[in-house]
Amino acid sequence: MTRIRRGYIARRRRTKIRLFASSFRGAHSRLTRTIIQQKIRALVSAHRDRDRQKRNFRRLWVTRINAVIRESMVSYSYSRLINNLYKRQLLLNRKILAQIAILNRNCLYMISNDILK
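All values reported here derive from a predicted model rather than from experimental measurement. Along every chain, residues carry numbers that run from 1 in the direction the sequence is written. In keeping with the model being predicted, local features are shown solely for residues with a pLDDT of at least 70 and side-chain atom pairs are shown and tallied solely at 80 or more, while totals for entire chains, interfaces and linings include all residues. Only hydrogens and water are set aside; all other atoms, that is, all heavy atoms of the structure, feed into the side-chain values.

Further remarks concern the overall build of the protein chain. Per the convention used, a helix needs a DSSP run of H or I reaching at least four residues, while a strand needs a run of E reaching at least two, with both numbered from the N terminus. For the protein chain, the helix and strand inventory stands at five helices and zero strands. Seen in sequence order, the protein chain has helices and strands lined up from the N terminus as α-α-α-α-α. Computation of the radius of gyration draws on C-alpha atoms, with the globule rule given as 2.2 Å multiplied by the number of residues to the power 0.38. By the compact-globule yardstick of 13 Å for 117 residues, the protein chain is too spread out, its C-alpha radius of gyration being 26 Å. Along the longest, intermediate and shortest principal axes, the C-alpha atoms of the protein chain span 90 × 30 × 20 Å.

Set out below in structure tokens:
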């Protein structure tokens, strides 16, 4: 039987992996086995940190809203504000409320006073 030449299939697969790891340092961008390991590790980290990023932004928004609300009224807190928003069926998410709190505090004060009535 004659020898079968495999052609460029394996080389094409390796170059595709190398393009992904071209910005990595040292052997992580040169050796095929370590490139594959680092690619898996990078993709796992990216997947994990997408969820973590959502969590961190939500915490930031809650902190900003709480700080502005407590600054304006002594006995009023973030949890009461959100509770009253749900009771009044005002559908403002935390991202928008945080932007209002930073850019236009008077508007947030008006919203919170309107809810309390």
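Let's shift gears to the environment of Leu 97. Inspection of the secondary structure puts Leu 97 in helix 4 (residues 94–103). A sequence separation of 49 residues divides Leu 97 from Arg 48, and the C-alpha atoms of the two residues are 27 Å apart. The criterion used for residue contact is that any of the two residues' heavy atoms lie within 4.5 Å. Setting aside anything within four residues of it in sequence, one finds Leu 97 in contact with Ile 65, Ile 82, Leu 85, Leu 92 and Leu 108.

Turning to helix 3 (residues 78–87), a few remarks are in order. For each residue, the accessible area found with a 1.4 Å probe, counting protein chains only, is set against the maximum for its type, and the residue is called buried under 20%, exposed over 50%, and partly exposed in between. Listed in full, the buried residues belonging to helix 3 are Tyr 78, Leu 81, Ile 82, Asn 84 and Leu 85. The arc that holds every buried residue of helix 3, seen down its axis, measures 165°, which confines them to one face. Set apart from the buried face of helix 3 by more than 90 degrees, the exposed residues are Ser 79, Tyr 86 and Lys 87. Lining the buried residues of helix 3 we find helix 2 (32–72), helix 4 and helix 5 (105–116). In this description, one arc is meant: the one made by directions from the helix axis to the C-beta atoms.

Taken by themselves, the reported measurements are silent on function.
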